[in-house]
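Each chain, written out:
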Amino acid sequence: MSKRSFIFDGSDGGAEMLSAILNHYADIAFPVGGSECAAASREAVHGLIEKLKPLDDIEISRRQRPMMRSAVKWFYNDSEYASPNDPMYVTLRERLQ
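Just so you know, the residues in each chain are numbered from 1, in the order the chain's sequence is written. For this predicted model, a pLDDT threshold of at least 70 governs which residues receive local features, and a threshold of 80 or more governs which side-chain atom pairs are given and counted, while totals over whole chains, interfaces and linings are taken from all residues. The side-chain figures draw on all heavy atoms in the structure; neither hydrogens nor water molecules are used.

Asker: Teacher, can you tell me more about the overall build of the protein chain here?
Answerer: Looking only at helices and strands, the protein chain has four helices and two strands in total. Across the protein chain, helices and strands are ordered from the amino to the carboxyl terminus as β-α-α-β-α-α. This radius of gyration counts C-alpha atoms alone. The globule rule is 2.2 Å times how many residues there are, raised to the power 0.38. Its C-alpha atoms give the protein chain a radius of gyration of 13 Å, near enough to 13 Å, the size a compact globule of 97 residues would have. Principal-axis analysis of the C-alpha atoms places the extent of the protein chain at approximately 35 × 35 × 25 Å. Helix and strand assignments come from DSSP, with helices taken as H or I runs of at least 4 residues and strands as E runs of at least 2, each series counted from the N terminus.

This is how it looks when you write it as structure tokens:
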């Protein structure tokens, strides 16, 4: 049986950056006033942000990893906030594998 969670290494600014990315992602993907499903998804993303506050190794459900990868990919490739050439992009992608 596979493990149902993974440990995210939040060191070296990884947790802070992922928190900022997830916050932007929640605002864009699940805006306030959307459907009930969007509101539940937004709440789940904000729950993840709270988990990332210790800024070290954080245990996260594997089910949330694909959404986190999507948020990171969106932030560095499709948003106006960052570039895929940013070294943190490579760091976050590796930590979310």
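Asker: Just checking my understanding: could you explain the pattern of salt bridges for this structure?
Answerer: If charged atoms from side chains of opposite charge come close, those side chains can pair. In what follows, salt bridge is the name for a side-chain nitrogen of Lys or Arg lying within 4 Å of a carboxyl oxygen of Asp or Glu. Taken as a whole, this structure holds four salt bridges when the rule is applied. Here Asp27 and Arg42 are joined by a salt bridge, their closest N and O atoms 3.0 Å apart. Within this pair, whereas Asp27 is found in helix H1 (residues 14-29), its partner Arg42 is found in helix H2 (residues 36-51), the two being separated by 15 residues in sequence. Relative accessible area serves as the criterion here: at 38%, Asp27 is assigned to the partly exposed category. Accessibility here uses a 1.4 Å probe with only protein chains present; expressed as a share of the type maximum, an area under 20% marks a residue as buried, one over 50% as exposed, and anything in between as partly exposed.

Asker: Looking at this structure, how should I read the packing of aromatic side chains?
Answerer: Any pair of aromatic rings gets described here by the distance separating the centres and the angle formed by the planes. Aromatic pairs are defined between Phe, Tyr and Trp rings, using the six-membered ring for Trp, whenever the two ring centres lie within 6.5 Å; interplanar angles under 30 degrees are classed as stacked, those over 60 as edge-to-face, and all others as tilted. This structure, assessed with the given rule, holds seven aromatic pairs. Between Trp74 and Tyr81 the ring centres are 6.4 Å apart and the planes differ by 65 degrees, which places this aromatic pair in the edge-to-face class. What makes Trp74 buried here is its relative accessible area of 17%. Judged by relative accessible area, Tyr81 falls into the partly exposed class, the value being 43%. Ring centres of Phe75 and Tyr76 lie 5.1 Å apart, and the angle between their planes is 85 degrees; on these two criteria the pair is classed as edge-to-face. Judged by its relative accessible area of 5%, Phe75 falls in the buried class. Each member of the aromatic cluster is reached from another via a ring pair, and the members are Tyr25, Phe30, Trp74, Phe75, Tyr76, Tyr81 and Tyr89. Two thresholds decide whether a charge sits over a ring: the Lys NZ or Arg CZ must be within 6 Å of the ring centre and within 35 degrees of the ring normal. For the cation-ring pair, Arg65 lies above Phe6, with the distance from its terminal atom to the ring centre recorded as 4.4 Å. Between Arg93 and the ring centre of Tyr89, over which it is positioned, the NZ or CZ distance is 4.7 Å.

Asker: Mind showing me how you'd approach H2 here?
Answerer: For the α-helix, the turn length of 3.6 residues means that residues three or four positions removed from each other point alike. For H2, which comprises 16 residues, the first-to-last C-alpha distance of 23 Å matches the rise-based estimate of 22 Å (1.5 Å per residue) to within 8%. Buried within H2 we find Ala38, Arg42, Val45, Leu48 and Ile49. Buried residues along H2 cover an arc of 115 degrees about the axis, so they all sit on one side. Exposed residues on H2 whose side chains face more than 90 degrees from its buried face are Glu36, Cys37 and Glu43. As for H2, its buried residues are in contact with H1, strand S2 (57-61) and helix H3 (65-77). Take the number of residues in a helix, subtract one, and multiply by 1.5 Å to get its expected span. The arc under discussion is defined with respect to the helix axis, by the directions toward the C-beta atoms. Here, two residues are considered to be in contact whenever any of their heavy atoms come within 4.5 Å of each other.

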